[in-house]
Amino acid sequence: MDNNAPTGHSPDDPNKAAPDEPGARHAAHYVGISWFDLAVSLAIIVIVGAVVIWVAIRVIQPAPPSTLTISAGPEYSRFWFAAQKYKEILARNGVTLRVLTSSGTLENLDRLADPAIHVDIGFV
């Protein structure tokens, strides 16, 4: 018997390990995932995603803001009546509309251009 040959090796190929040895390598290694595990994982992802979307919609209040300011026109003018109608419509959706009277279109444009006045909307 040859003392240089490792024990447990196949006599055909001395460099190849026997299949039942702990160091034996297999040609392919397959790890199976059950359909149940996949379904549970996907269900958890869908539930967490739905909760995140629900929180984003309910907690984070997107536009419009709760208060708007409009520069209309002289009191009882067409612009003023239109602003009053918008005030009613927006109030149904929880938005408060402040109506500022003005001398007309030019003053509305000046208010819109001036950031110190804080007018959101103006009739021109």
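In this text the structure is predicted, and so the values were computed from the model without any measurement.

Conventions we followed
- Position numbers for residues count from 1 along each chain, tracking the sequence in the order it is written.
- The predicted nature of this model means local features are confined to residues of pLDDT at least 70 and side-chain atom pairs, given and counted, to a pLDDT of 80 or more, with totals for whole chains, interfaces and linings taken over all residues.
- Values shown for side chains rest on all heavy atoms present in the structure; no hydrogens or waters enter the calculation.
- Think of it this way: any DSSP run of H or I at least four residues long counts as a helix, any run of E at least two long counts as a strand, and we number them from the N terminus.
- Here, residues are in contact when the closest pair of their heavy atoms is within 4.5 Å.
- For the area figures, the Shrake-Rupley method with a 1.4 Å probe applies, and any residue is considered shielded solely by the protein chains shown.
- Residues with no salt bridge and a relative accessible area higher than 30% make up the patches, which join like charges within 9 Å and nonpolar side chains (Val, Leu, Ile, Met, Phe, Trp, Tyr) within 5 Å.
- Basic side-chain nitrogens of Lys or Arg form a salt bridge, by our definition, when they fall within 4 Å of a carboxyl oxygen of Asp or Glu.
- Take the residue count of a helix, subtract one, and multiply by 1.5 Å to get its expected span.
- Pairing of aromatic rings covers Phe, Tyr and Trp, the last counted by its six-membered ring, and requires centre-to-centre distances within 6.5 Å; plane angles under 30 degrees mean stacked, over 60 mean edge-to-face, and any other angle means tilted.
- Relative accessibility decides the category of a residue: with a 1.4 Å probe and only protein chains considered, values under 20% of the type maximum give buried, values over 50% give exposed, and everything between is partly exposed.
- The rule for pairing is simple: two strands pair if DSSP sees at least two bridges between them.
- A right-handed crossover is one whose linking path, passing over the helix from the first strand to the second, runs clockwise when the strands point away from the viewer.

(A) Seen up close, the overall build of the protein chain. Counting secondary structure elements, the protein chain contains three helices and three strands. For the protein chain, the sequential pattern of α-helices and β-strands runs α-β-α-β-α-β. Taking all contacts inside the protein chain whose residues are at least 6 apart in sequence as the whole, residues at least 24 apart take part in 56%. Of the accessible surface of the protein chain, which amounts to about 10300 Å², a share of 62% is contributed by carbon and sulfur atoms.

(B) Here's a closer look at a nonpolar patch on the surface. Where nonpolar side chains cluster on the molecular surface, the patch consists of I47, V51, W54, V55, V59 and I60 and spans about 600 Å² of accessible area. Within the fold, V55 resides in helix α1 (residues 35–58).

(C) Structural detail: the pattern of salt bridges. Inspection of every chain in the model, using the stated rule, returns one salt bridge. Linking E107 and R111 is a salt bridge whose minimum nitrogen-to-oxygen distance equals 2.9 Å. With E107 and R111 both in helix α3 (residues 105–113) and four residues apart, the pair spans about one turn of that helix.

(D) Quick look at helix α2 (residues 78–92). Here α2 contains 15 residues, and its C-alpha end-to-end distance of 22 Å stays within 8% of the 21 Å for a straight helix at 1.5 Å per residue. Where α2 ends, the next residue or the one after it, G94, has phi of about 80 degrees, a positive value.

(E) Seen up close, the packing of aromatic side chains. Counted by the stated rule, this structure contains five aromatic pairs. Pairwise contacts between aromatic rings join Y76, W80 and F81 into one cluster.

(F) Quick peek at the pairing of strand β1 (residues 67–71). For β1, the tally of buried residues reaches four of five residues, placing the bulk of the element in the interior. Bridge count between β1 and strand β2 (residues 96–100): five bridges; the pairing is parallel. Directly across from S71, in β2, lies its bridge partner L100. In the classification by handedness, the crossover that spans β1, the intervening α2 and the parallel β2 is right-handed.

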